[in-house]
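Listed below, chain by chain, are the residues.
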Amino acid sequence: MKALLSTAPGGPDTLELIEIDKPALGKGELAVRVLACSINYPDVLIIEDKYQMRPPRPFAPGAEIAGEVTEVGEGVEGWSPGDRLIAVTGFGGLVEHMTLEAARAFHLPEGADPVAGSALLMTYATTIHALKDRGELGEGQTLLVLGAAGGVGLAAVEIGKAMGARVVAAVSSEDKAEAARAAGADATMIYGRAPFDKEQSKALSAAFKEAVGKGGADVIYDPVGGDYCEPALRSIAWEGRYLVVGFPAGIPKLPLNLTLLKSCDVRGVFWGGFAMREPARNAAHVEQLLDWWQAGTITPRIDCTFPLERGGEAITRLAERRAVGKVVVTMG
Ligand SMILES: NC(=O)c1ccc[n+]([C@@H]2O[C@H](COP(=O)([O-])OP(=O)(O)OC[C@H]3O[C@@H](n4cnc5c(N)ncnc54)[C@H](OP(=O)(O)O)[C@@H]3O)[C@@H](O)[C@H]2O)c1
């Protein structure tokens, strides 16, 4: 079978399409023919050894897949060959065949598109955990989403609306603002491209304040970080919750006096850790997401698809900040 492998640390052009044996099926596992693998920002980082997880090389990037079961391992119940599934595997998805722990898999609803299915779990499950458990977002509250046309960003716009919030989407271009509006954002604002000097940072803070309105943002969902963080925090409401989700623009530092002045919380979000520690609560979230998906309340927006041999280009699209929605690699 074909696999797109990282054989040495480096950018997407270092990935190699290599013919390897299919993996052996273990106890408690499913053997899967991969239909689609969606790209997430961690794929940009993991191949350069800049991610929190460092798999031994060679490894295939690709953290989440949709696939078809070809064989069921010993001790696995509830799955048969031919069943379709979605799963987050962390890495290893840019291949034609893989094995995965059955406990990680969820049934792809009958007739559902595997390309969209492959783009559902990581972004939306992160976001429902972030907004419900960490952000305690309430109906009628104001939610500010940074990077609102990216993978987790668009999920936050849709889930924020599903939870009854007023959603303000912040993005870097008019195209991206249009995508956020199409996903249901009530208002949009366009920010510049970092780095920012002191004056630009002040102006950005004023722009965030104007966009969220007088009371401030009750919840801020930040999957961007860098120079965007402090100006955004300055627009938070009294007792607001600032959700730390990701850092494509860099890891920011914050003056803690800002949290005192607004009596607000800065809260970390680590979905992978949550899903491992609390599988039952995560499964309940996924059930909710599948219901919302079937009802049309949420719909993964597919930016574009690439075949496996061009999987590196899919990762480059995210690294270059060009994706609007999800980029997906499809297997033959
Ligand atoms: N905490 C968790 O559990 C968890 C789970 C999943 C993902 N994440 C993290 O969430 C972040 C976003 O992931 P994603 O898959 O949604 O990525 P994505 O689709 O690429 O979206 C990231 C967004 O960040 C903005 N951005 C700002 N500066 C950027 C830069 N220098 N390079 C690239 N993008 C930049 C872009 O929007 P604008 O151009 O509009 O600014 C882009 O749309 C990543 O850091 C990822 O690791 C965290």
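Within each chain, residues carry numbers counting from 1 in the order of the written sequence. Local features in this predicted model are restricted to residues whose pLDDT is 70 or higher, and side-chain atom pairs enter the listing and the counts only when it is 80 or higher, whereas totals over whole chains, interfaces and linings include all residues. Hydrogen atoms and water are omitted, and side-chain values are computed over all heavy atoms in the structure.

## Structural notes on the domain arrangement of the chain
Then step 1. Domain boundaries shown here were taken from an automatic or database domain assignment. When the domains of the chain are assigned, the result is domain 1 (2–120 + 300–330) and domain 2 (123–272).
Then step 2. Each of domain 1 and domain 2 was reduced to a C-alpha centroid, and the two centroids are 29 Å apart.
Then step 3. Contacts between residues were defined by any pair of non-hydrogen atoms, one from each residue, lying within 4.5 Å. Counting residues at the interface gives 13 residues for domain 1 and 17 residues for domain 2.
Then step 4. Buried surface at the junction of domain 1 and domain 2, summed over both partners, amounts to about 1,100 Å²; 54% is from carbon and sulfur atoms.
Then step 5. Salt bridges are defined by distance alone: a side-chain nitrogen of Lys or Arg within 4 Å of a carboxyl oxygen of Asp or Glu. Inspection of the domain 1/domain 2 interface yields 0 salt bridges.
Then step 6. Throughout this description, a polar contact denotes any pair of N or O atoms lying within 3.5 Å of each other; where both atoms belong to protein, one of them has to be capable of donating a hydrogen while the other can accept it, and for residues adjacent in sequence the pair is counted only when both atoms sit in side chains. Joining domain 1 to domain 2, the criterion identifies 5 residue pairs in polar contact (both at pLDDT 80 or more).
Then step 7. Tallied by class, residues from the side of domain 1 that touches domain 2 come to 7 nonpolar, 3 polar and 3 charged. When two components associate, each loses some accessible surface as probed by a 1.4 Å sphere; the sum of these losses over both components is called the buried area. Gly is put with the polar residues, along with every residue not named as nonpolar or charged; the nonpolar set is Ala, Val, Leu, Ile, Met, Phe, Trp, Tyr, Cys and Pro, and the charged set is Asp, Glu, Lys and Arg.

## Description of the sheet that holds strand S12 (residues 236–244)
What links the strands of a sheet is backbone hydrogen bonding, and the strands pair in either a parallel or an antiparallel sense.
Then step 1. What the 6 strands build is an open sheet, ordered S10-S9-S8-S11-S12-S13; its pairing is parallel. Edge positions in the sheet fall to strand S10 (187–190) and strand S13 (265–268), since each has one partner strand and no second. Between one strand axis and the next, the sheet turns through 20° on average, direction left out of account.
Then step 2. Whether two strands pair depends on DSSP finding at least two bridges between them. Numbered from the N terminus, helices here are DSSP runs of H or I no shorter than four residues, and strands are runs of E no shorter than two. In this structure, S12 lies alongside S13, joined through 4 bridges in parallel fashion. Opposite Val-244, over in S13, you have Gly-268 as the bridge partner.
Then step 3. All axes are obtained by fitting lines to C-alpha atoms, using only the stretch in contact for helices, and the reported angles, taken between N-to-C directions, cover 0 to 180 degrees. Seen against the sheet, helix H3 (residues 121–134) touches strand S8 (142–146), strand S11 (217–222), S12 and S13 and runs at an angle of roughly 150° to S11.
Then step 4. Here helix H5 (residues 174–182) sits on the sheet and contacts strand S9 (166–171) and S10; the angle it forms with S10, its principal contact strand, is near 165°.

## With respect to the packing of aromatic side chains
Then step 1. Two rings from Phe, Tyr or Trp (for Trp, the six-membered ring) form a pair when their centres are within 6.5 Å of each other. A pair whose planes differ by under 30 degrees is stacked, one over 60 is edge-to-face, and the rest are tilted. Following the criterion strictly, the structure yields 3 aromatic pairs and no others.
Then step 2. Relative to Phe-91, the ring of Phe-59 lies with its centre 6.0 Å away and its plane at 85°, an arrangement referred to as edge-to-face. With Phe-59 in the loop between helix H1 (41–46) and strand S4 (64–72) and Phe-91 in the loop between strand S5 (84–88) and strand S6 (97–101), this residue pair connects regions lying 32 residues apart in the sequence.
Then step 3. Ring centres of Phe-196 and Tyr-228 lie 5.2 Å apart, and the angle between their planes is 85°; this geometry places the pair in the edge-to-face category.

## Details of the environment of Tyr-221
Then step 1. As for its position among the elements, Tyr-221 is in strand S11.
Then step 2. We call a residue buried when its accessible area falls under 20% of the maximum for its residue type, exposed when it is over 50%, and partly exposed in between, using a 1.4 Å probe and counting protein chains only. Here Tyr-221 falls in the buried class, since its relative accessible area comes to 0%.
Then step 3. Separated by 56 residues in sequence, Tyr-221 and Ala-165 have C-alpha atoms that sit 13 Å apart.
Then step 4. Ignoring sequence-local partners within four residues, the contact set of Tyr-221 consists of Thr-126, Thr-127, Ala-130, Leu-131, Leu-143, Leu-144, Val-145, Leu-146, Val-152, Ala-156, Leu-243 and Val-245.
Then step 5. Polar side-chain contacts of Tyr-221 include one of 2.8 Å to the side chain of Thr-127.

## Points about the side chain of Thr-123
Then step 1. Within the element layout of this structure, Thr-123 appears in helix H3.
Then step 2. Ignoring anything within four residues of it in the chain, the contact list for Thr-123 reads Asn-40, Gly-151, Val-152, Ala-155 and Lys-326.

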